[in-house]
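Architecture at a glance
The lines below spell out each chain.
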Amino acid sequence: IYGWYANVTTDNYGNYTLRVPSGIWWVGANTSLSGFATPASQVIVVSSDVTAIDFDYLAADRTISGVVRAGGSTRTGVWVGANRADGVTVGTRTSTDASGAYTLALPAGIWTVYVSSDLNGYVRPSSQRVDALDGSVSGVDLTYLTADAAVSGRLEDEAGRPLVGVATRAYWNWVATSPAAPSF
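Structure report, in brief. All of these numbers come straight from a predicted model, not from anything done at the bench.

So, the overall build of the protein chain
Assigned secondary structure in the protein chain consists of one helix and 14 strands. For the protein chain, the residues scored as buried account for 23% of the 184 residues in total. Long-range pairs, those at least 24 residues apart, make up 50% of the contacts in the protein chain with a sequence separation of at least 6.

Focus on the nonpolar core
Membership of the largest hydrophobic core comes to 17 residues, with the highest contact counts inside it found for Ile64, Val68, Val80, Tyr102 and Val113. Those elements giving two or more residues to this core turn out to be strand 5 (62-70), strand 7 (79-84), strand 9 (101-106) and strand 10 (110-115). Sequence-distant contacts of valine 68, that is, excluding residues within four places in its chain, are made with Ser73, Thr74, Arg75, Val78, Val80, Thr96, Gly100, Tyr102, Val115, Leu142 and Tyr144. Judged by nonpolar contacts, the second largest core, of six residues, contains Trp25, Val27, Val46 and Phe55.

Observations regarding the sheet that holds strand 8 (residues 91-95)
Across the sheet, four strands lie side by side as 8-7-10-12; this open sheet has antiparallel pairing. On the outer flanks of this sheet lie strand 8 and strand 12 (128-131), each paired with one strand and no other. Neighbour to neighbour, the strand axes of the sheet diverge by 25° on average, direction disregarded. By the bridge criterion, five bridges tie strand 7 to strand 10 in an arrangement that is antiparallel.

Details of the packing of aromatic side chains
Under the definition given, this model contains one aromatic pair. Residues tyrosine 16 and phenylalanine 55 carry aromatic rings whose centres are separated by 6.4 Å and whose planes lie at 40° to one another, so their mutual orientation is tilted. Of this pair, tyrosine 16 sits in the segment before strand 1 (23-27) while phenylalanine 55 sits in the loop between strand 3 (42-46) and strand 4 (58-59), and the two are 39 residues apart along the sequence. Classification of phenylalanine 55 as buried rests on a relative accessible area of 16%. Here arginine 93 stacks its cationic end above the ring of tryptophan 79, 4.1 Å away from the centre of that ring.

Points about the pattern of salt bridges
Oppositely charged side chains can pair when the atoms bearing their charge come close. Following the criterion strictly, the structure yields five salt bridges and no others. With a closest N to O distance of 3.5 Å, arginine 62 and aspartate 61 form a salt bridge. What makes arginine 62 buried here is its relative accessible area of 17%. A salt bridge links glutamate 156 to arginine 154; its shortest N-O distance comes to 2.6 Å.

Quick look at the side chain of arginine 62
You can see arginine 62 is positioned in strand 5. From its side chain, arginine 62 meets the backbone oxygen of alanine 132 in a polar contact 3.2 Å long. Once you skip the residues sitting within four places of it in the chain, arginine 62 turns out to touch Leu104, Ala105, Leu106, Pro107, Ala108, Ala132, Leu133, Asp134, Gly135 and Ser136.

Quick word on the pairing of strand 5
Counting buried positions along strand 5 yields seven of nine residues, so the element is predominantly enclosed. Inspection of the sheet shows strand 5 paired to strand 9 by six bridges, in the antiparallel sense. Bridge pairing in strand 9 places serine 65 opposite threonine 103. Pairing analysis gives two bridges linking strand 5 to strand 13 (residues 142-143), with the strands arranged parallel.

Topic: unusual backbone geometry
Phi is positive for alanine 52, close to 65°, though the residue is something other than glycine. Within the secondary structure, alanine 52 sits in the loop between strand 3 and strand 4.

A short note on the side chain of serine 65
With respect to the secondary-structure elements, serine 65 resides in strand 5. In this structure, serine 65 is in contact with Tyr102, Thr103, Val137, Ser138, Gly139 and Val140, ignoring residues within four places of it in sequence.

About the thresholds
- Numbering of residues begins from 1 in every chain and follows the order in which that chain's sequence is written.
- With the structure being a predicted model, the display of local features is reserved for residues of pLDDT at least 70 and the display and counting of side-chain atom pairs for 80 or more, all residues being used for whole-chain, interface and lining totals.
- The basis for every side-chain value is the complete set of heavy atoms in the structure, and neither hydrogens nor water enter the calculation.
- Strands are runs of DSSP state E lasting at least 2 residues, helices are runs of H or I lasting at least 4, and numbering of each runs from the N terminus.
- Note on exposure labels: buried denotes an accessible area under 20% of the residue type's maximum, exposed denotes more than 50%, and partly exposed covers the range between, all computed with a 1.4 Å probe on protein chains only.
- Any pair of residues with heavy atoms lying within 4.5 Å of one another is described as a contacting pair.
- What we call a nonpolar core is a set of buried Ala, Val, Leu, Ile, Met, Phe, Trp, Tyr and Cys residues that are connected through their side-chain atoms within 4.5 Å.
- Only when DSSP finds a minimum of two bridges between them are two strands counted as paired.
- For helices, the axis comes from a line fit to the C-alpha atoms of the stretch in contact; other axes are also lines fit to C-alpha atoms, and the angle between any two N-to-C directions lies between 0 and 180 degrees.
- Centres within 6.5 Å are what make two rings of Phe, Tyr or Trp a pair, Trp counting through its six-membered ring; a difference in plane orientation under 30 degrees is then read as stacked, over 60 as edge-to-face, and the rest as tilted.
- Any Lys NZ or Arg CZ that is within 6 Å of a ring centre and within 35 degrees of that ring's normal is treated as a charge sitting over the ring.
- Each reported salt bridge corresponds to a side-chain nitrogen of Lys or Arg within 4 Å of a carboxyl oxygen of Asp or Glu.
- Polar contacts here mean pairs of N or O atoms no more than 3.5 Å apart (in protein, one a potential hydrogen donor and the other a potential acceptor; neighbouring residues in sequence count only if both atoms are side-chain atoms).

Quick look at the structure:
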């Protein structure tokens, strides 16, 4: 759920001023500026005027491409994204074309490529670490797993009352590949 929203366009010098009430704000820049990767967003505390919340766009001079499949077929309209593998949230995303192909334009770096679309009857593919330091990379294919079994249960508080609307997730093969459980 998103709360209040402020929006403004930069001037002829690339400057912006958002007028907001005091509080904690997530500030980000346009995520679809052609030829650039989206800069990391910032969370700031505003109690008076805050300056120098700048965003540096990096030229997208590399590509990572591949095909998305599920159930033996390519998939159209699946959102594919990439974030820097060092944890800094700089990235880009696109959707697959009619043949299930995608191409992400991004700067040189090591990237984590992932899908962000759910498909009914399938589980999202694992993200892939891709090294695009020395040039563009092709053949980064992503394949959904068929969901042929179910895990079910109940979430409740200590008095046995149901907890409604709680997101519940499962990570395949997590214990075998990582020393720590994922955080939700």
